[in-house]
Amino acid sequence: MIFSNEQSERYARHIILKEVGEIGQKKLLESKVFIAGAGGLGSPAAMYLAAAGIGTIGIADADRVDLSNLQRQIIHTAKDIGKEKVLSAKERINAINGEVMVNTYHTFVDTDNIMDLISGYDFIIDATDNFTSKFLINDACVTAKKPFSHAGILRFQGQLMTYVPGKGPCYRCVFKNPPPEDMVSNAKQAGIIGAMGGVIGSMQAMEAIKYIVGAGELLTGFLLVYDALKMEFRKIKLPDKVEDCPVCGKKL
């Protein structure tokens, strides 16, 4: 692959990094990343992946943009209210980088479509906002041997972990099963500071980029927890893969 003059200029700050270089940038341009959710986490993740030159971005979301989204979902603007989030996201991604192929899926991620949705992608980003979807994405990615980044945000706190097949525990190893629906508040009930999505969603994009170019250490085997009020990060060592995990355990 030979870079065009425009690509050489656009990605110049990547190419001069020894951890990326021309080879790493070519990997980014040839890669495919799927994002489940075009909301608070998916917005910054998609925008930074587009800027980085990810060749193909798939994005799934069944919702339309409403006014309350704009406090944190920065991929959308006031003129997008009422529009499908995936179409709004596609427009912004291509406004950033017209070379990115964007596949849109105006649908909920569910048991019927998850395997088809993730099948053609190299890395998955879980940017959903409910436990049912998070466990579903984990189970599908483990089964399909797909690396993925999990994240969750609420109020002034966020968390992040990365799963790579054969390296470290999966999401279900750590959290077992979804909690009862009435046991945990969601963002609509408890609130969320808008910039939290930017902090954690950008980190999800970073994990995807590092995985693709093969640079640095991923959050495999660790849970990164961020408390914005204390401006404190904690990197928690997770237990090794749970042998009786119903998804990735050896007893299967």
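Structure shown above.
Predicted model only: the values in this text are computed from it and were never measured. (Residues numbered from 1 in each chain as written. Predicted model: local features only at pLDDT ≥ 70, side-chain atom pairs only at ≥ 80, totals over all residues. Heavy atoms only, no water.)

1. What to know about the overall build of the chain
Looking only at helices and strands, one finds 10 helices and eight strands in the chain. A compact globule built from 252 residues should have a C-alpha radius of gyration of about 18 Å, and the chain, at 18 Å, falls within 12% of that. The burial tally for the chain puts 49% of its 252 residues in the buried class. Taking as baseline every contact in the chain between residues at least 6 positions apart, the subset at least 24 positions apart corresponds to 63%. Side chains of the chain carry 29 positive and 28 negative charges; the gap between the two charge centres is 4 Å. (Helix = DSSP H or I, 4+ residues; strand = E, 2+ residues; numbered from the N terminus. Rg over C-alpha atoms; globule rule 2.2 N^0.38 Å. Buried < 20%, exposed > 50% of the residue type's maximum accessible area, 1.4 Å probe, protein only. Contact = heavy atoms within 4.5 Å. Lys, Arg positive; Asp, Glu negative; His and termini not counted. Charge placed at Lys NZ, Arg CZ, Asp CG, Glu CD.)

2. Some remarks on the sheet that holds strand β3 (residues 101-105)
With mixed pairing, eight strands are arranged side by side in an open sheet as β3-β2-β1-β4-β5-β6-β7-β8. The open sheet has two edge strands, β3 and β8 (232-237), and neither has a second partner. The average undirected angle you get between the axes of adjacent strands in this sheet is 15°. Pairing between strand β2 (residues 56-60) and β3: five bridges, direction parallel. Paired with Ile-57 across the bridge in β3 is Val-102. The strands touched by helix α5 (residues 85-96) within the sheet are β2 and β3, with β3 carrying the most contacts at an inclination of about 170°. (Pairing = 2+ DSSP bridges. Axes fitted to C-alpha atoms, helices over the stretch in contact; angles between N-to-C directions.)

3. What to know about the environment of Val-142
Assignment of secondary structure puts Val-142 in helix α7 (residues 131-144). The sequence separation of Val-142 and Cys-170 amounts to 28 residues, and the corresponding C-alpha distance is 7.4 Å. Dropping the residues within four chain positions of it, Val-142 is found in contact with Tyr-163, Cys-170, Val-247 and Cys-248.

4. Description of the nonpolar core
Counting residues in hydrophobic clusters, the biggest one holds 38 residues, and the most contacted among them are Ile-35, Leu-49, Ile-57, Ile-59, Ile-93, Ile-125 and Ile-200. Contributions of two or more residues to this core are made by β1 (32-36), α4 (42-52), β2, α5, β4 (123-126), β5 (148-154), α10 (195-213) and β7 (222-227). Ranked by residue count, the leading element in this core is α10, at seven residues. Apart from the residues lying within four places of it in its own chain, the contact partners of Leu-49 are Val-33, Ile-35, Ile-54, Ile-57, Ile-125, Ala-205, Ala-208 and Ile-209. Grouped together as the second largest cluster of nonpolar side chains are 28 residues, Ala-60, Ile-137, Leu-223 and Leu-238 included. (Core = buried A, V, L, I, M, F, W, Y, C linked by side-chain atoms within 4.5 Å.)

5. Topic: the packing of α4 against α5
Working note: a packed helix pair is described by the angle between its axes plus the distance between those axes. The geometry of α4 relative to α5 is characterised by a closest axis approach of 8 Å and an angle of 30° between their N-to-C directions. Comparing their axes, α5 and α4 come out roughly parallel. Here α4 and α5 pass one another in a crossing that is right-handed. Only Arg-92, Ile-93 and Ile-96 of α5 make contact with α4, whose side of the interface consists of Ala-46, Met-47, Ala-50 and Ala-51. (Parallel < 35°, antiparallel > 145°, perpendicular 65-115°, else oblique. Left-handed = near helix turned anticlockwise from the far one by under 90°.)

6. Some details on the layout of surface pockets
Looking at the largest pocket, its volume works out to about 1,500 Å³. Of all elements in the fold, only α7, β5, β6 (157-163) and α9 (187-190) reach the threshold of two or more residues within the lining of the largest pocket. Grouping the amino acids of the lining of the largest pocket by side-chain chemistry returns 19 nonpolar, 20 polar and 10 charged. Roughly 300 Å³ of volume is contained in the second largest pocket. If you go around the second largest pocket, you meet 15 residues; those closest to its centre are His-14, Ala-52, Ala-205, Met-206 and Ile-209. Every element with two or more residues in the lining of the second largest pocket is listed here: α4 and α10. Among the elements that take part in the lining of the second largest pocket, α10 stands out by supplying six residues, more than any other. Class assignment of the residues belonging to the lining of the second largest pocket gives a composition of 11 nonpolar, two polar and two charged. (1 Å grid on protein atoms, 1.4 Å probe; cavity = no way out; pocket = protein on both sides within 12 Å on 5 of 7 lines; lining within 4 Å. Points joined across faces, edges and corners; volume = space filled by probe spheres on them. Nonpolar A, V, L, I, M, F, W, Y, C, P; charged D, E, K, R; others polar.)

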